[in-house]
Amino acid sequence: MMLHECRILLVDDEDALLYMVGDLLKKEGYQYIDMAADCRSAMRLTRGKEYELVLLDVMLPDGDGFTLFEQIRRLRGGGMPVIFLSARDEDQARLRGLGLGADDYITKPFLPEELLLRIRAVLKRTYHIDDVTGTDRVGKVLIDWGAGTVSADGEDYTLTAKEYVLLKKLCENKGRILSINVLCDTLWPDGSYGYENSLMVHIRHLREKLEDNPSKPEHLLTVRGLGYKII
């Protein structure tokens, strides 16, 4: 997967800014962008979809971005990067956002080029997926690391960023058992724990793309009590 394939959620109650940033990202080549104008809409979207980045306003009509940030992190795990976009430049607000674990805090108004550079830096730092090339095979499935796809029997499937990082880690250690803690650290490098259930969801989705029969996997295996391995 390339950076431009990452899914981005924009949350801001200013329509002009929402669509300006959306257009800016589209012109830069980002393909998957959703928008929300309040906390309720943002939570509805994050319950239904997985995003690789959230751009989040602090002041929202039905709540504040700090509380929404914590709700999203509880729902989706601590490793999803969040950048605050705020007209508030007080040191206290900035420190609160960064203290909660946000990846960046940008004060409005901002230069479009600066926003793009910061988004790119956060995505590269989090997912390590830019400029990756080469292929691997798992059974009859071909993995194209540059395109971020898996292919078999004439069908192509795009990997999400989390699936990509997880599969890359497993393939780099093909045949070796990787513990749940190691894989959680790979997906949530901020040191968050307690995301074993989220890991299992990503494993299941990977099996749906790699295995002929995901309920009876032959390649992405569970090693009971230890972790997972790929063969």
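Residues numbered from 1 in each chain as written. Predicted model: local features only at pLDDT ≥ 70, side-chain atom pairs only at ≥ 80, totals over all residues. Heavy atoms only, no water.

**Student:** I tried to follow the overall build of the protein on my own but got confused; where do I start?
**Tutor:** Secondary structure assignment for the protein yields eight helices and 14 strands. Expected size for 231 residues packed as a compact globule is a radius of gyration near 17 Å; at 19 Å, the protein falls within 12% of this value. Once the C-alpha set of the protein is aligned to its principal axes, its extents read approximately 55 × 35 × 25 Å. When burial is assessed residue by residue, the protein has 49% of its 231 residues classed as buried. (Helix = DSSP H or I, 4+ residues; strand = E, 2+ residues; numbered from the N terminus. Rg over C-alpha atoms; globule rule 2.2 N^0.38 Å. Buried < 20%, exposed > 50% of the residue type's maximum accessible area, 1.4 Å probe, protein only.)

**Student:** Teacher, can you tell me more about the sheet that holds strand β1 (residues 7–11) here?
**Tutor:** Neighbouring strands of a sheet are bound in pairs by backbone hydrogen bonds; such pairs are parallel or else antiparallel. With parallel pairing, five strands are arranged side by side in an open sheet as β2-β1-β3-β6-β7. Sheet topology places β2 (32–36) and β7 (104–107) at the edges, where each strand pairs with a single neighbour. Averaged over all neighbouring strand pairs, the angle between strand axes comes to 15°, with direction disregarded. In this structure, β1 lies alongside strand β3 (residues 53–57), joined through four bridges in parallel fashion. Along β3, the bridge assignment pairs Leu10 with Leu55. Along the sheet face, helix α1 (residues 15–28) touches β1, β2 and β3 and points at about 175° away from the line of β2. (Pairing = 2+ DSSP bridges. Axes fitted to C-alpha atoms, helices over the stretch in contact; angles between N-to-C directions. Contact = heavy atoms within 4.5 Å.)

**Student:** Looking at this model, I keep getting lost on the nonpolar core. Mind explaining?
**Tutor:** A general trend in soluble globular proteins is that nonpolar side chains are found buried together. Residues Leu25, Leu55, Ile119, Leu167 and Leu199 are the most contacted members of the largest nonpolar core, which totals 50 residues. When residues of this core are assigned to their parent elements, the largest contribution, seven residues, is made by helix α6 (residues 161–172). Ranked by size, the runner-up nonpolar core spans 22 residues in total, among them Tyr51, Phe66, Leu68 and Met80. (Core = buried A, V, L, I, M, F, W, Y, C linked by side-chain atoms within 4.5 Å.)

**Student:** Can you walk me through the pairing of β3 in this structure?
**Tutor:** Moving residue by residue along a regular strand, the side chains alternate between the two faces of the sheet. Burial runs high along β3: five of the five residues are buried. Burial along β3 is two-sided: Leu53, Leu55 and Asp57 and Val54 and Leu56, pointing in opposite directions, are all buried. Strand direction decides the pairing type here: β3 and strand β6 (residues 82–86), joined by four bridges, are parallel. Bridge pairing links Asp57 to Leu85 in β6.

**Student:** When you look at the side chain of Thr126 in this model, what are you seeing that I'm missing?
**Tutor:** Along the polypeptide, Thr126 turns up in helix α5 (residues 112–127). In this structure the side chain of Thr126 is engaged in a polar contact, spanning 2.8 Å, whose partner is the backbone oxygen of Val122. (Polar contact = N/O pair within 3.5 Å; in protein donor to acceptor, adjacent residues only side chain to side chain.)

**Student:** Quick question: what am I supposed to make of the pattern of salt bridges here?
**Tutor:** Oppositely charged side chains are able to pair whenever their charged atoms sit close together. Tallied over the entire structure, the rule returns 12 salt bridges. The shortest N-O distance in the salt bridge between Glu52 and Arg7 comes to 3.8 Å. Residue Glu52 is found in the loop between α2 (39–48) and β3, and its partner Arg7 is found in strand β1; the two are separated by 45 residues along the sequence. Residue Glu52 is classed as buried on the basis of its relative accessible area of 0%. Residue Arg7 is classed as partly exposed on the basis of its relative accessible area, which comes to 22%. For Arg73, the salt bridge goes to Asp103, with nearest N and O atoms at 3.6 Å. Within this pair, whereas Arg73 is found in helix α3 (residues 65–76), its partner Asp103 is found in the loop between α4 (91–99) and β7, the two being separated by 30 residues in sequence. Residue Arg73 is classed as buried on the basis of its relative accessible area of 11%. You can call Asp103 partly exposed: its relative accessible area is 26%. One salt-bridge network, in which partners are shared between bridges, spans Asp12, Glu14, Asp57 and Lys108. (Salt bridge = Lys/Arg side-chain N within 4 Å of Asp/Glu carboxyl O.)

**Student:** Would you mind going over the sheet that holds strand β13 (residues 220–223) with me for this structure?
**Tutor:** Ordered in space as β12-β14-β13, the three strands form an open sheet in which the pairing is antiparallel. Each having just a single partner strand, β12 (178–179) and β13 make up the two edges of the open sheet. Where β12 and strand β14 (residues 227–230) come together, two bridges link them in antiparallel fashion. For Ser179, the partnering residue across the bridge sits in β14 and is Gly227.

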